[in-house]
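This is what each chain is made of:
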Amino acid sequence: MPEQDGADTRCRTPRDATLQAIAAARFVRARWVDRIGGAASLERRQRRGLERLLRERMPRAAHYRGGLDRLGDAPVVDKATVLADFSGFNVRGIPLDTALAEARAAEASRDFRGELPGGVTVGLSSGTSGRPGVFLVDPAERMRWAGTVLGRLLDRRSLVQLVQPWLPPLRIAFALRANSNLYESVASRRLSFAFVDLVAPFEQIRQGVAGARPDVLVAPSSLLVELARAGLRGELGIEPRLVVAVAEVLDDADSELVESAWGVRPRRVYQATEGLLALDCDRGRLHLNEQSIVVESEWIDGSEVVGGRFVPIVTDFDRSTQLIVRYRLDDVLRMPARGQRCGCGNPARVIDAVEGRADEVIEAFAPDGRVVRVFPDAVRRAMTTASTAEWGIRWAPDAIEVAIDPLDPEHARAVRGVLARLFETVGAVLPELDVVALAPRQLGAKQVRIARAHAATQEETADVV
Ligand SMILES: [Zn+2]
């Protein structure tokens, strides 16, 4: 029965009730159940998840026709593989053309309700090189995402507010590139969602966030920084108790700025349109989301040691529309120098940092011609010491272009100095270095500070959420 406009807008269709139940169940699991049983129970969950993926889901996707017995039998895939056989990787057989047409229509109309069969919505992730990645998610998958994120991150006071009928409902504001009408449809008496479209002038975003008066604010890191600055100028007037940074790597400096504005340390959610990959715990350590994914490590430079770096190959047994099986990501992760287990009660492995896309790792040459990799966290630290407020780097193995704002002789000299020192430290020859003025960044565009020069900065949608 369709929902009626007018008097009783709280009337729910059974479908909304089902989605609410999915989100609530996942919330309970992420908050309490996942802590019980330690590593053994986590291993059991992974085994059951993989079993279901191999037996029930993969046989429905044409790419895995006939099914496979073991995860190790599945080939490692990447964005290009998936794009080449798009309909083969999703259980509904949706072709790439159809998905792209739907994504373009939604971007143009800013209406992301999902016109594909089963309410499936399309996510695009352009990254910094090549064609955009295209991803499909259905409403149940999005509810599992929301339930997990809130279950893991919600502060105690917000939880009390959520369950006490005499308190006002908990207000959650999402500032994202793609609308999440879905959440509005499953809001309840205890929970209200506001969506602020990121593709708008900042003034409009500021008003939207201020008007929502959120208890919980979810936004990409670069926008959180802009909002925190507005807050410090006294132009926002919100007091969120939980601030969640999504879609982009959050620098320490950005994190401190957000904390100075609202007095809470922002919590990090590391995700790609490929899924929910890691969340930080209340001790500030970033746990792989091993309750839903299996991560294999492709070690860089044979560095399988403490503090080593790797490219993750992800199998996500929570994804039920588009299958993510041994999918090689574009990111580089770093293992901690000390123990991988954390005392917070979550048995999932801890990673030290997400160092961004593999494209952000600058490849240069040693004097003897060997390739030397310069990691983004080192570049970020170096650039911080040059005290340029805003910067971006485009690199090729023989040339680096650094864009800075403000551009003046003093800052340009400082940048040249810190990069020369950095390259010398890592044993690389400093490529030809060009310092130019930084073009203003479009709001809503993903913050890509370091990228390979063969592709322009592109955007990333976060509409998997
Ligand atoms: Zn922890």
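Residues numbered from 1 in each chain as written. Predicted model: local features only at pLDDT ≥ 70, side-chain atom pairs only at ≥ 80, totals over all residues. Heavy atoms only, no water.

Participant: Which residues make up the sheet that holds strand β20 (residues 432-437), and what values do they have?
Facilitator: Ordered by their spatial adjacency, four strands build an open sheet running β20-β19-β18-β21, and the pairing between neighbours is mixed. Two strands close off the open sheet at either side, each with one partner strand: β20 and β21 (450-452). In this sheet, adjacent strand axes meet at a mean angle of 20° when their direction is disregarded. For strand β18 (residues 390-396) and β21, the ladder comprises three bridges, and the chain directions are parallel. Following the sheet pairing, W395 is matched in β21 by R452. (Pairing = 2+ DSSP bridges. Helix = DSSP H or I, 4+ residues; strand = E, 2+ residues; numbered from the N terminus. Axes fitted to C-alpha atoms, helices over the stretch in contact; angles between N-to-C directions.)

Participant: How would you explain the nonpolar core if you had to name every residue and give the values?
Facilitator: Residues M58, V134, L136, V325 and I351 are the most contacted members of the largest nonpolar core, which totals 46 residues. The greatest single-element share of this core, amounting to four residues, is contributed by helix α5 (residues 96-109). With sequence-adjacent residues up to four places away left out, M58 is seen in contact with L53, Y64, L68, A74, L323 and V325. Counting 26 residues, the second-largest nonpolar core is a separate cluster that includes V374, M383, I400 and I404. (Core = buried A, V, L, I, M, F, W, Y, C linked by side-chain atoms within 4.5 Å. Buried < 20%, exposed > 50% of the residue type's maximum accessible area, 1.4 Å probe, protein only. Contact = heavy atoms within 4.5 Å.)

Participant: How would you sum up the coordination of the zinc ion? Please name residues and give values.
Facilitator: In this structure, C281 (SG), H287 (NE2), C342 (SG) and C344 (SG) serve as the protein donors to the zinc ion, at separations of 2.1 to 2.3 Å. Here the zinc ion is ringed by four donor atoms whose angles at the metal span 99 to 116°, and the overall shape comes out tetrahedral. Binding-site remark: the zinc ion is held by donors from one chain whose sequence spacing is C-x5-H-x54-C-x1-C. Here C281, found in the loop between β8 (275-280) and β9 (286-288), pairs with C344, found in the loop between β13 (331-334) and β14 (350-351); they are 63 residues apart in sequence, far enough to count as distant. (Donors = N, O, S within 2.8 Å, 3.2 Å for Na, K, Ca; no water. Tetrahedral: all angles 85-135°; square planar, octahedral: opposite > 155°, others 65-115°.)

Participant: Describe unusual backbone geometry, with residues and values.
Facilitator: Cis geometry marks the peptide bond from D405 to P406, where omega comes out at 5°. Looking at where P406 falls in the secondary structure, it is placed in the loop between β19 (399-405) and α13 (409-425). The phi dihedral of R326 falls on the positive side, at around 50°, and the residue is not glycine.

Participant: Lay out the side chain of R57 with the relevant residues and their values.
Facilitator: When you line up the elements, R57 lands in helix α2 (residues 38-57). Notably, R57 is buried but unbridged: the nearest opposite-charge side chain belongs to E56, and the N-O separation is 5.7 Å. Within the structure, R57 has its side chain in polar contact with the backbone oxygen of R319 (distance 3.3 Å). The contact partners of R57, leaving out residues within four places of it in the chain, are R52, V91, F317, D318, R319, S320 and L323. (Lys, Arg positive; Asp, Glu negative; His and termini not counted. Salt bridge = Lys/Arg side-chain N within 4 Å of Asp/Glu carboxyl O. Polar contact = N/O pair within 3.5 Å; in protein donor to acceptor, adjacent residues only side chain to side chain.)

Participant: Pulling in residues and values, what's your account of helix α11 (residues 252-262)?
Facilitator: Listed as buried for α11 are D254, S255, V258 and W262. One side of α11 carries all its buried residues, which in axial view fall inside an arc of 100°. Exposed positions of α11 whose direction lies more than 90 degrees from the buried face are D252 and E256. Lining the buried residues of α11 we find β5 (216-220), α10 (221-232) and β6 (242-246). A positive backbone phi angle near 75° is found at G263, which sits one or two residues after α11. (Arc of directions from axis to C-beta.)

Participant: Give a description of the confidence of the model for the chain that names residues and reports values.
Facilitator: Across the chain, the average pLDDT comes to 83, with 83% of residues at 70 or higher. Within the chain, helix α4 (residues 86-89) carries the highest mean pLDDT (97), whereas helix α8 (residues 181-185) carries the lowest (66). The model gives residues 1-11 a pLDDT under 50, and that stretch makes seven contacts with residues more than four places away or in other chains. Note that residues 455-465 has pLDDT below 50 and, in this model, 51 contacts with residues that lie over four places away or in other chains. (pLDDT = per-residue confidence, 0-100.)

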